Each structure stands twice: as structure tokens, then as C-alpha cells.
Protein chains: 2
Amino acid sequence: MTKNVPAHWKKIRSEAGPDFVIMKARHDYLEHPRSHQVMKRVVFESTDWVNVVALTEDEQLVLVRQFRFGVEKVTLEVPGGMVDPGEDHFEAARRELLEETGFASEDWHYLGYVEPNPAILDNHCHTWLARKAFRQQEPNPEAGEDITVEVLGKDAVKQAYRDGAFRHSLAVIAVLHVLELW
Amino acid sequence: MTKNVPAHWKKIRSEAGPDFVIMKARHDYLEHPRSHQVMKRVVFESTDWVNVVALTEDEQLVLVRQFRFGVEKVTLEVPGGMVDPGEDHFEAARRELLEETGFASEDWHYLGYVEPNPAILDNHCHTWLARKAFRQQEPNPEAGEDITVEVLGKDAVKQAYRDGAFRHSLAVIAVLHVLELW
């Protein structure tokens, strides 16, 4: 087992790149720790994201289907989204669950975070567990969203997972949290 | 359980955005299926990625530490990278394992794929399992990489996972495959 840790790269300078609204490109010039060559790398600055594992009183999981523009397909995922400016990620989790599914909860637990892609993104994705989730209102998605809510029991979630119905890497991590809870 | 599936959005037109070498931005104009409003969305066109779960004969996991430019920290991950043009993802898995760690294997198994981010990326990340991995040569990372190899046994991997040492979402998925195998 090798224990030596690679050196940090030294950032020489940064310049702003194009702003894509959901994220903003930045070009960093960094010095390789061994060759000392300066290399240009792109980083996409992004707000944090949240995912919500919402389980009803009878242990059903609240899921969403929506058309995703990257893969140009309808996907099955957990509710979630971007943390708004000035919002903390717990508030964002409550808001996204309510907006996308109409569900609310008074029993929240933090399950941890991952880095969606530490190579090119600077943000975290937080996963929140909402227990005893209940339908509070009609879903109220944003103007740019079109979402269908699906509530699945334990066996159906396990089957969907085995069938490869979950493909979004961050949704897979959220669903694995549920399977672990079960 | 609601079974209706949301409609696909109709793509009106696309225009090329900036080319970031590792990915290329594209702006799509799509019609919302209900409001019929046309909205602009960014998609980052990217080659597929691969991750390798490499286990030695005595069930040790081959890992890499490297400085990641997005989070500006050294991360612990499984070896992996981008599929090169003209390469298939199995070849890419063998190449990345050898380049980044110096390890090779003659016992490969496909573990499936995820979509790293179907909202903004059009690519897949494939996970390959290499059993009976052995050190074939010195690592030979690309000019823009500086990587340290770490080989950890079962208990150390479990402890590292519990300690939150793995943060890259795609590496977490790869490590969860290993924990499932164990």
C-alpha cells in the first residue's frame, strides 16, 4: 500500500469563461507539480444540488419522471434540483420536493453529500431523507419543467433498480441509500 | 401509483456552443409539451467515460489519488477516464487501468453503465470489473496527470467508504459495486 499523496497543482491565474446560467465556465492555468508545465483546465462553477429520498408512512418512495435534455429521453429519478441563491440545501430539499411532487414532510434526515464530478465541477450534491412524507398540494413545477410523479413500493423500487430504470448517477446513489435503509 | 409518462419536448433547432476540448457545448431550443413555449437549454456533448473496479488475486482494490481541478483537492477514486475517439469502452477501461496504475488483467466483466448527468450531459459512464489484476508495468499517466496508486484490502475500503473518503459520485457507484461483490 502506497501512502504518498500527490502534490497539489499551483494555480497561476484564472479567467472567466462563458456563462451558461445553470453554471459558469472558468479557465484555470495550473502548474503540473512534477513537470512544472502550465496547463489550461476548464472548471464549471455551479451552485450545490440536492436530491430527496421521500418515503411515505407506508414506506413508498416518491419518484419523478421527466424529459432530460442531455440524453433526450424521459428518466426516472428522485426529486431534486439546484440550491437557489441565499437558500441552504435543506430548504432547497423541502422546496424541490414540494414543487416537483406536492409532497411534504416534518421528519427530515441528512444522508450526506457527493461531488457530482470533482474533475470539472466545483459543487456538492446533498441527499436528504424525508420520512412520513405526505401529499400536501398539487405539484407546482417551474415553467421549464414537465414532471410526472410516481409512488412505488419496496418491491417495485427493487425491481426497477434491477431493470436499470434508474440511470442518473446521482439518483442511483439516492436509490442505493433507500435500498440500504430497507 | 401514477403511470402516465411525461411527453417528450420537441427540438426546434440547435446551435453549436463553445468547444471545451473535453466537452462541447450545444444550445438546443425545445418546445415545452404543455405550454408550447420555446426554451433554450444547454447540453454538453461528451465522449463516454469508463471506471475500473480492479481487484487483485487476493481481493485488494486498486485505487488512485489525484488532484482534481473542479474541487481543487486530492481525491481517492477508482481508475478511469475518457473513451478515446475510435476506441470502445472496454479498450478504454484496459488502457486507463494500465496507464494510471500499471495494472493489467485477463479477467474482465462488464458491470453496467450510468448516465453521469442526463440533464446536461449526453454520455454514459461504464463500469468494468477486472479480476486477478496484477502489476504489469510502471504507471504511465498522461502529461496532464499526476497520480498516486493505492492498493487497499476489504476492511480498509469499507473503512474509507464509511469515513467519506470517496466523494466522486461515479467512484462511489464503482465502490458500491465492490461492496456488493463482497
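Residues numbered from 1 in each chain as written. Chains lettered and ligands numbered in written order. Predicted model: local features only at pLDDT ≥ 70, side-chain atom pairs only at ≥ 80, totals over all residues. Heavy atoms only, no water.

A word on the pattern of salt bridges. If you walk through the whole model with that rule in mind, you get 30 salt bridges over all chains. A salt bridge links Asp146 of chain B to Arg34 of chain A, with the nearest nitrogen and oxygen atoms 2.3 Å apart. Of the two residues, Asp146 of chain B sits in the loop between β10 (125-135) and β11 (147-152) while Arg34 of chain A sits in the loop between β2 (24-31) and β3 (38-45), which places them in two different chains. Of the residues examined, Arg34 of chain A reaches a relative accessible area of 56% and is grouped as exposed. The salt bridge partner of Glu87 of chain B is Arg95 of chain B, with a shortest N-O separation of 2.6 Å. The exposure classification of Glu87 of chain B matches that of Arg95 of chain B, with both residues buried. (Salt bridge = Lys/Arg side-chain N within 4 Å of Asp/Glu carboxyl O. Helix = DSSP H or I, 4+ residues; strand = E, 2+ residues; numbered from the N terminus. Buried < 20%, exposed > 50% of the residue type's maximum accessible area, 1.4 Å probe, protein only.)

This part takes up the pairing of β2 of chain A. Successive residues of a regular strand alternate their side chains across the two faces of the sheet. Residues and elements named next belong to chain A. Of all the 8 residues making up β2, 6 are buried; the element is thus mostly covered by neighbouring parts of the structure. Taken together, the 7 bridges between strand β1 (residues 10-19) and β2 define a ladder with antiparallel strand orientation. Looking at the pairing, Lys11 lines up with Leu30 of β2. Where β1 folds back onto β2 in an antiparallel hairpin, the turn is made up of 4 residues, including Val21, whose phi is positive at roughly 70°. Summarising the sheet, β2 and β3 pair through 8 bridges and their orientation is antiparallel. Of the residues in β3, the one forming a bridge with Arg26 is Val43. A loop of 6 residues connects β2 with β3, the two strands running antiparallel in sequence, and His36 in this loop sits at a positive phi of about 60°. (Pairing = 2+ DSSP bridges.)

All names here are of chain A. Spatial strand order, β1-β2-β3: 3 strands in an open sheet with antiparallel pairing. The sheet is open, and its two edges are formed by β1 and β3, each paired on a single side. Here the average twist between neighbouring strands, direction ignored, is 25°. (Axes fitted to C-alpha atoms, helices over the stretch in contact; angles between N-to-C directions.)

This next bit is on the relation of the copies chain B and chain A. Screw-axis analysis of chain B against chain A gives a translation of 0.0 Å along the axis, an RMSD of 0.0 Å, and a rotation angle of 180°. These values place the two chain copies in the arrangement generated by a two-fold rotation axis. Most of the interface of chain B is mirrored in chain A, where 100% of its interface residues again form contacts. (Least-squares fit on C-alpha atoms with pLDDT ≥ 70 in both. Contact = heavy atoms within 4.5 Å.)

On average, residues of chain A score 95 in pLDDT, and 98% of them are at 70 or above. Among the prediction metrics, the complex's ipTM stands at 0.95, with pTM recorded as 0.96. (pLDDT = per-residue confidence, 0-100.)

All names here are of chain A. At a minimum axis distance of 11 Å, the contact between helix α2 (residues 154-162) and helix α3 (residues 169-181) shows a crossing angle of 135°. As the angle between them shows, α2 and α3 are arranged oblique. Relative to α3, the crossing made by α2 is left-handed. Residues Val157, Lys158 and Tyr161 of α2 form the contact with α3, whose participating residues are Val172, Val175, Leu176 and Leu179. When grouped by side-chain class, the residues that make up the contact of α2 with α3 number 6 nonpolar, no polar and 1 charged. (Parallel < 35°, antiparallel > 145°, perpendicular 65-115°, else oblique. Left-handed = near helix turned anticlockwise from the far one by under 90°. Nonpolar A, V, L, I, M, F, W, Y, C, P; charged D, E, K, R; others polar.)

Moving on to unusual backbone geometry. Phi is positive for His36 of chain A, close to 60°, though the residue is something other than glycine. Inspection of the secondary structure assignment puts His36 of chain A in the loop between β2 and β3.

Once that is clear, we can look at the side chain of Glu77 of chain B. Tracing the chain through its elements places Glu77 of chain B in strand β6 (residues 73-77). There is a polar contact of 2.6 Å between the side chain of Glu77 of chain B and the side chain of Thr75 of chain B. Apart from the residues lying within four places of it in its own chain, the contact partners of Glu77 of chain B are Pro118 of chain A together with Leu63, Val64, Gln66, Arg68, His168 and Ala171 of chain B. (Polar contact = N/O pair within 3.5 Å; in protein donor to acceptor, adjacent residues only side chain to side chain.)

Turning to the interface of chain B and chain A, a few remarks are in order. Counting residues at the interface gives 64 residues for chain B, matched by 64 residues for chain A. It is Phe69, Asp146 and Arg167 of chain B that lose the most area in chain B upon contact with chain A, and together they represent 13% of the buried surface on that side. The tally of links from chain B across to chain A stands at 8 salt bridges. The partner of Glu115 of chain A in a salt bridge is Lys73 of chain B, and the shortest N-O contact between them spans 3.4 Å. Taken together, the links from chain B to chain A amount to 26 residue pairs in polar contact (both at pLDDT 80 or more). If you list the elements that add at least two residues to the side of chain B that touches chain A, you get β1 (10-19), β2 (24-31), β3 (38-45), β5 (61-68), β6, β9 (107-114), β11 and α3 (169-181) of chain B. Grouping the constituent residues of the side of chain B that touches chain A by class yields 36 nonpolar, 13 polar and 15 charged. (Buried area = accessible area lost by both parts, 1.4 Å probe.)

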